[in-house]
Protein chains: 2
Amino acid sequence: MGKEEIILDINVTEKALELVSKKKFQELKTLFSMLNPTDVAQIFEEIPYEGDTLPILFRILPKEMASDVFIEMDNDCQAALIKAFTDKELKDVLDELFVDDAVDLIEEMPAGVVKRILRNTDPETRRVINQILQYPDDSAGSIMTTEYVRLEKEMTVEQAFARIKLTGADKETIYTCFVTDERRLLLGLITVRQLLLAERTEILGDIMETNIISVDTFEDKEAAAQILSKYDFSVVPVVDKEKRLVGIITFDDALDVMEEEATEDIAKMSAVTPTDKPYLKTGVFETWKSRVPWLLLLMISATFTGLIITSFESALASYVILTAYIPMLMDTGGNSGSQASVTIIRALSLGDVEFSDLPRIIWKEIRVAVLCGGTLAVANFAKLMLFDQIGMAVSLVVCGTMLVTVIVAKFVGCTLPLLANKIGFDPTVMASPFITTIVDAISLFIYFTIATSVLGL
Amino acid sequence: MGKEEIILDINVTEKALELVSKKKFQELKTLFSMLNPTDVAQIFEEIPYEGDTLPILFRILPKEMASDVFIEMDNDCQAALIKAFTDKELKDVLDELFVDDAVDLIEEMPAGVVKRILRNTDPETRRVINQILQYPDDSAGSIMTTEYVRLEKEMTVEQAFARIKLTGADKETIYTCFVTDERRLLLGLITVRQLLLAERTEILGDIMETNIISVDTFEDKEAAAQILSKYDFSVVPVVDKEKRLVGIITFDDALDVMEEEATEDIAKMSAVTPTDKPYLKTGVFETWKSRVPWLLLLMISATFTGLIITSFESALASYVILTAYIPMLMDTGGNSGSQASVTIIRALSLGDVEFSDLPRIIWKEIRVAVLCGGTLAVANFAKLMLFDQIGMAVSLVVCGTMLVTVIVAKFVGCTLPLLANKIGFDPTVMASPFITTIVDAISLFIYFTIATSVLGL
């Protein structure tokens, strides 16, 4: 966020709250009209939901701004407002929403509120909403909107502009228009830029773009967002199995999806169940619920590591010094494994690698591991001989374990995410915490095996 | 990537390479003209850089497509082509590039190539390129383009359309136009949508949007991208200290920045120095260089944990069973700490929290920690008593340590990233690996302190 903007945010929010408390609604109205809907929504979120301040403030919003402000608020604020709305007010807001925003709203509201929302939308919109709600949660269909400008290939540029003027006001974008036949089969697309630069008498069929990249309604929404990003599109058409145009996805949805997906991936990589609420809006109990199952699972897995120690207890008893290097070996193994796994997980989600690259990836990781493990072993050997002075034999055991552990850790780290992905599991779960737990057990096993044979325990 | 699209990619690339080997250039030309420049660029990347296939193929590209294909290629491919270009060809390509793309190209090319590029750009473009190159690497100025449509507030809608037609062809976007005075002070903006819906005789000054959200040239580029995402803008103006318009940032650059920054954050969170190359294009030596310094640093830090073990060696010798629970306690501590730290790091980068939230965050994390630690301690106690049967005293030591460790880990995990951010360090570095190393030492210290006092060692 820009520095100036933060200053603006704080000052404006404080100013607005002050005006609210003094009930200076006329001044508030002026203030709101100078702001962007997103900023006004942030002010609304600061106001207590109880009492009638929230609906009063909403009623003083400039009419053309109201629904934009509404859709930018957080869900609690929306729910509080809907509760306070008359049916007429609710209908007015809903009429102004784009279909994809209405769907988002319905997905987040409690069941009782949803019923009231659907009762107050016109039948055609309700039909479209219900249709979009049927697409799976992570599909392109679930985030598309059906409000696009449809043109016909026989139209002239002049006629196209007339159609855009007539129907464009309530479309999410008018800059890319879609040419379909009467069965809604997608024939081509044409941008307002092309229309502006063309002669008014030209026929759309002659100038439209016919090499169209589209996504299927059941395509993963992240994949759809990546197509927008890869091709620098501002919009991508969504088609059904019969190639009929059913909707569009715009760049702002793609930005949201990419931010959401990165947040989700990062959460899963650190063994947290993702939530879509901001940190400070998530309750303590909710946060506990998103974290404790993973901690329990990982704690139970870590007992296997304990079992390995127990089974080598006699060796440890005679060489207690070996215990001192357990944390370093476990940590280094875990870190080496995470480096590989997280790199591969990210490469997978960016589409840079796929399962068929497995041999190349393993070959690369093994070479990197030999270099990394070798460097660490040599550095460590120098330290052990010079500072710790624990003797050649134990030093060799520790450094040998280091080298082997790093190689095994990188191998496991790069292989598991690809395997998980191949069998349809979420590869992000194979990040640091799981890899660490697995590599811990392996590294201790290697440690004690090398120790017992070298030290003759 | 869409399923269909993958099929298209593989088939088309194979087909193209076959046509190349058979030197069927006419057919190739037809094939290329049916593809998107991004896809053609991918085919080029598969062709060996040695020999003259690459320049020959480039020469058969449809003229209007050539520079679009060029800018989508990877840097090695671009360098190979520039080497093969005549000055005339290089100039033709450069003339078609947007300024921001030319800057990206120059930033990635070796010095010799850069000289040749600058020699072949016209003086005005060269001046603009040099100006953009002076902005810091991560600033909004470094990713902006200077090609926008400039209008004047006295113009009518009719005149605005005429100006757009005249100057719009080589602008990165024409859909948002910027109204400035003669000193380039930004007065307002107006979209083609507004222009289309307005009367032809209306004056821009009367209908333009004057509440403008802009970014400063020195603003962080990630913050600029987040403004586009937050307000659903397709473009944001970049202004200098005197509020003069110097450039614009478009949504496609914002998408790239957000993808890049997420990849960078994820790399840093797993203790890898970020590179901007795809995984399979990064060499073994380069990968080693990005990973080994962190492993070394963390290995050295882990020796402190070893020192703690050494100093409690006598206690361990009399109770070897204590060793068996070291991995579980270390892992659980590390995981609890990472959950908190990574959540806070992400919240910081999304702008959800800031340093002043520290007390709230700590208070929340402590409560979550008591819940999580309590759950784990109880589950663990049951397991220790029922399965391990190690006696009440040791069980209490292990479970007491568990509870205290989780609380300390969450506290450290949520505090360090915020402190790092406050003093101007990169908070992402305070993710799993560092938190794990710190928490390891703390958890063992707690373990042995509790053990020595409870067991009377």
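These figures come from a predicted structure and were not determined experimentally. (Residues numbered from 1 in each chain as written. Chains lettered and ligands numbered in written order. Predicted model: local features only at pLDDT ≥ 70, side-chain atom pairs only at ≥ 80, totals over all residues.)

Our focus in this paragraph is the sheet that holds strand β2 (residues 176–180) of chain A. All names here are of chain A. Spatially, the three strands line up as an open sheet ordered β1-β2-β3, and their pairing is mixed. Two strands close off the open sheet at either side, each with one partner strand: β1 (150–151) and β3 (186–191). Direction of pairing for β2 relative to β3: antiparallel, over a ladder of five bridges. Across the sheet, the residue bridging to Thr176 is Thr191, located in β3. (Pairing = 2+ DSSP bridges. Helix = DSSP H or I, 4+ residues; strand = E, 2+ residues; numbered from the N terminus.)

Residue and element names in this part refer to chain A. Most of β2 is tucked away, with four of its five residues classed as buried. Bridge count for β1 against β2 is two bridges, and the pairing is parallel. Note on β2: the bridge partner recorded for Arg150 is Phe178. Linkage of β2 to β3, two consecutive antiparallel strands, is achieved through a turn of five residues, within which Arg184 is found at a positive phi near 70°. (Buried ≥ 20, exposed ≤ 12 C-beta atoms within 10 Å, placed from the backbone.)

Interface size is commonly expressed as the accessible surface area that is lost when the partners come together. Each assigned domain of chain A is listed with its residue range as follows: domain 1 (3–138), domain 2 (150–267) and domain 3 (281–454). In this structure, domain 2 of chain A and domain 3 of chain A have C-alpha centres spaced 48 Å apart. (Domains from an automatic or database assignment.)

Let's shift gears to the relation of the copies chain A and chain B. For the pair chain A and chain B, the relating rotation is 180°, the translation along its axis is 0.0 Å, and the fit reaches an RMSD of 0.1 Å. What the rotation and shift describe, once combined, is the action of a two-fold rotation axis. In this assembly the copies share their binding face: 99% of the residues contributing to the interface of chain A also contribute to that of chain B. (Least-squares fit on C-alpha atoms with pLDDT ≥ 70 in both. Contact = placed C-beta atoms within 7 Å.)

The subject of this paragraph is helix α17 (residues 284–311) of chain A. Because the α-helix completes a turn every 3.6 residues, residues three or four places apart line up on one side. In this model α17(A) runs 40 Å from its N-terminal to its C-terminal C-alpha over 28 residues, within 8% of the 40 Å that 1.5 Å per residue would give. For α17(A), every residue scored as buried is listed here: A:Thr287, A:Arg291, A:Val292, A:Trp294, A:Leu295, A:Leu298, A:Met299, A:Ala302, A:Thr303, A:Thr305, A:Gly306 and A:Ile309. (Expected span 1.5 Å × (residues − 1).)

Picture the strands of a sheet paired through backbone hydrogen bonds; they go either parallel or antiparallel. In spatial order, the strands read β1-β2-β3 (chain B); together these three strands make up an open sheet with mixed pairing. Pairing within the sheet leaves two strands with one partner each, and these edge strands are β1 (150–151) and β3 (186–191) of chain B.

On to the environment of A:Ile129, then. Residues and elements named next belong to chain A. When you line up the elements, Ile129 lands in helix α10 (residues 123–133). A C-alpha to C-alpha distance of 9.8 Å links Ile129 and Ser142, two positions 13 residues apart in sequence. When near neighbours in sequence (up to four residues on either side) are disregarded, Ile129 contacts Val99, Ala102, Val103, Ile106 and Thr121.

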